[in-house]
Amino acid sequence: MKNSRTRHLAILGAQWGDEGKGKIVDLLAPSFAIVARSQGGHNAGHTVFVNGEQFILHLIPSGILHDGVTCVIGNGVVVDPTALFAEIDHLAEQGIDTTGRLFVSDRAHVILPYHRDLEAVSEARLGNQAIGTTSRGIGPSYEDKAGRRGIRIADLADRSKSGRLMTLLDANVAARNSVIPSGPMSSRSLVAELETVWARLAPMVTDTSALLHNALAENKSILFEGAQGAMLDIDHGTFPYVTSSNSTIGGVCTGLGVGPKAIDAVLGIVKVYTTRVGAGPLPTELTGSAGDRLRESGKEYGASTGRPRRCGWFDSVAVKYAVQVNGIEALALTKLDVLDDQEKIKICTGYRCGDNVLTTPPADIGQLGRCEPEYEVLPGWAGVGSCAGVRLESDLPSAARAYIERLEELSGIPAAIISTGSDRKDTIVRESGLASRWLK
Ligand code: IMP
């Protein structure tokens, strides 16, 4: 356990996203003054159950569900204002008021309707090599950022004819219309829409890096909430089948304007099996009825797109790699109850590639696609006991405890949290673990 100076925690996905970060953030958030998102956009889908009620968050940090917690959308996030407002409205309908405690970086890039159009064209062009994106315009918005033609939130303030926004919109819309000549878009009508957008957005806009630095100076604790997972990171993931941002630890610093020393600890979230949405290699994927069984037990359908997730056994090669890349020091293991009906459970311990067994994912995506998982088989606990809703570790079936122990050995770090169901309460928090100090 970290010493008493450990205040600021990063929570990151250590697989291909959808690890259950939302639930863990929600669980720990009451102990933090601020919850901050650093990357991605409304491609993320964080599902949280509170007393049986379901909340799905895309862009807004999961900490918003707790009164008094301030939420930050950092400069590294790409923001679709329409999606943001829809989410705020939806939360209001569910009784969650975001007024005065949700802040958006003035440096964050904006997603506009032409980004979605361009994404549809680029995915169609790729044919059977398509990435299988969430179609939210995320990639093209990050492309505009790297291409230095992106529109930032701060640019929305000046909508005059000779202003920077209008110049950028004219150029970007013309580029979009040259790629998609049918149904041309007009920069004039877009800027008119942005008039209304700005009126609603402006009170939330601030220099969020300064906000965080003030909080650090005042000794307020910050929870850094990751989106997606390490294997979807644009640098460290299964490129090109990745998202367009850094979902690993470096993204927290660049995406929020804080230094690495602001992060005291890193908690990695992993499901006790593997899932992925979209295309790209997934070494432990189970096709046919075995995959269907895991998908149905785990209700593995995308929170953002509703797409069925591809399912497979736990991949310790991928998780160990994520632990290394992120400096993760403890894990939160999620969805243990989903394995309740499995007679035998497999864990991938290496990737067989010809005569070699790889213990880290290869950069060559073709090679990764040809790798065969090497498995170790452990007994399940079907018919012996159930993990569903268990809140005391001693109440877990012994085979489940042995499985957890093996996952920890292979990942090289301990589990601090074990989640046994979708509700906040269905959680085992180890007394001696990294997370216990944040639980009220
Ligand atoms: P994009 O982020 O929409 O560009 O999609 C790129 C890849 O990342 C696709 O395979 C998506 O399915 C995947 N992806 C993006 N966001 C998430 C997420 O929150 N969970 C799981 N997969 C995601």
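Relevant structure appears above.
A. Molecular detail of the overall build of the protein. Along its length, the protein carries 12 helices and 20 strands. For 440 residues, the compact-globule estimate of 2.2 N^0.38 gives 22 Å, and the C-alpha radius of gyration of the protein, at 22 Å, lies within 12% of that figure. Oriented by its inertia axes, the alpha-carbon framework of the protein measures out at about 70 × 50 × 40 Å. By the burial criterion, 57% of the 440 residues in the protein qualify as buried. At a minimum sequence separation of 6, the contacts of the protein that also span at least 24 residues come to 75%. When the accessible surface of the protein is split by element, carbon and sulfur atoms take 51% of a total near 17,500 Å². Placing the 45 positive and 50 negative side-chain charges of the protein at their respective mean positions leaves the two points 3 Å apart.

B. View of the site of the ligand. Around the ligand sit 16 residues in total, of which Asp18, Asn43, Thr134, Thr243 and Arg307 are the nearest. The contact in question runs from a nitrogen atom of the ligand to an N or O atom on the side chain of Asp18, over 3.1 Å. The protein chains hide 97% of the 470 Å² of surface that the ligand would expose on its own. When its residues are assigned to classes, the shell around the ligand shows 6 nonpolar, 8 polar and 2 charged. Looking at which domains feed residues into the shell around the ligand, each of domain 1 (9–100 + 207–437) and domain 2 (109–204) gives three or more.

C. Focus on the layout of surface pockets. Estimated volume of the second largest pocket: approximately 650 Å³. Taken together, 27 residues form the lining of the second largest pocket, with Thr47, Phe49, Gly298, Lys335 and Ser422 sitting closest to its centre. Among the secondary structure elements, those contributing two or more residues to the lining of the second largest pocket are helix H1 (21–28), strand E3 (46–50), strand E4 (53–57) and helix H9 (288–298). Here the lining of the second largest pocket is composed, by residue class, of 5 nonpolar, 13 polar and 9 charged.

D. Quick peek at the nonpolar core. Counting 61 residues, the largest nonpolar core has Leu28, Leu84 and Leu267 as its most contacted members. Residue contributions to this core peak at 6 residues, all from helix H6 (residues 187–201). Composition of this core by domain shows at least three residues from each of domain 1 (9–100 + 207–437) and domain 2 (109–204). Here Leu28 is in contact with Leu9, Ile11, Leu223, Leu267, Ile417, Ala435, Trp438 and Leu439, once residues within four sequence places are set aside. Counting residues in each nonpolar core, the second largest holds 55 residues, with Ala230, Cys253, Ile263 and Val390 among its members.

E. Spotlight on the packing of aromatic side chains. Taken as a whole, this structure holds 1 aromatic pair when the rule is applied. Between Trp381 and Tyr403, the ring centres sit 6.3 Å apart and the planes meet at 50 degrees, which makes this aromatic pair tilted. Placement of Trp381 in the loop between strand E18 (372–379) and helix H12 (398–411) and of Tyr403 in helix H12 is noted, with a sequence separation of 22 residues between them. Per residue, the accessibility class of Trp381 equals that of Tyr403, and both read buried.

F. Region of interest: the packing of helix H3 (residues 113–126) against helix H4 (residues 138–146). Close contact between H3 and H4 brings their axes to 7 Å; oriented N to C, the two are set at 110 degrees. Classed by the angle they form, the pair H3 and H4 counts as roughly perpendicular. Side by side, H3 and H4 meet where Tyr114, His115, Leu118 and Glu119 of the first sit next to Ile138, Pro140, Ser141 and Asp144 of the second. The residue makeup of the contact of H3 with H4, split by class, is 4 nonpolar, 2 polar and 2 charged.

What counts and what doesn't
In every chain, residue numbers begin from 1 and rise along the written sequence. Restriction of local features to residues with pLDDT of at least 70 applies here, the model being predicted, together with a cutoff of 80 or more for giving and counting side-chain atom pairs; totals for whole chains, interfaces and linings are based on all residues. Side-chain numbers here rest on the full set of heavy atoms in the structure, without hydrogens or water. Secondary structure elements follow DSSP: runs of H or I of four or more residues count as helices, runs of E of two or more count as strands, with numbering from the N terminus. Here the radius of gyration uses the C-alpha set of atoms, whereas the globule reference equals 2.2 Å times the residue count to the power 0.38. The buried label goes to any residue with under 20% of its type's maximum accessible area, the exposed label to any with over 50%, and the partly exposed label to all in between, with areas taken from a 1.4 Å probe on protein chains only. When checking whether two residues touch, look at their non-hydrogen atoms; a contact exists if any pair is within 4.5 Å. All accessibility values rest on the Shrake-Rupley procedure with a 1.4 Å probe; residue burial counts only the protein chains present in the view. Here the positive residues are Lys and Arg and the negative ones are Asp and Glu; neither His nor the chain ends is included. The atom standing in for a charge is NZ when the residue is Lys, CZ when it is Arg, CG when it is Asp and CD when it is Glu. Nearness is defined per residue: one heavy atom within 4 Å of the molecule or strand is enough. Under this definition, polar contacts are N or O atom pairs within 3.5 Å; protein pairs additionally need one hydrogen-donor-capable and one acceptor-capable atom, and for neighbouring residues in sequence, both atoms have to be side-chain atoms. Ten residues, namely Ala, Val, Leu, Ile, Met, Phe, Trp, Tyr, Cys and Pro, are considered nonpolar, four, namely Asp, Glu, Lys and Arg, are considered charged, and the remaining ones, Gly among them, are considered polar. Delimitation of the domains relies on an automatic or database domain assignment. Space inside and on the surface of the protein is sampled on a 1 Å grid over the protein atoms alone, with a cavity defined as a set of points where a 1.4 Å probe fits but cannot get out and a pocket as an open set with protein on both sides within 12 Å along at least 5 of 7 lines; lining residues have an atom within 4 Å of a point. Grid points are joined across faces, edges and corners, and a volume is the space filled by probe spheres set on the points. What is meant by a nonpolar core is a set of buried Ala, Val, Leu, Ile, Met, Phe, Trp, Tyr and Cys residues, joined one to another through side-chain atoms within 4.5 Å. Only centres within 6.5 Å qualify two rings of Phe, Tyr or Trp (six-membered ring in Trp) as a pair; their planes then separate them into stacked at under 30 degrees, edge-to-face at over 60, and tilted for everything else. Each axis is a line fitted through C-alpha atoms, taken for helices only over the stretch in contact, and angles between the N-to-C directions span 0 to 180 degrees. Note on terminology: angles under 35 degrees are roughly parallel, angles over 145 are roughly antiparallel, angles of 65 to 115 are roughly perpendicular, and the others are oblique.

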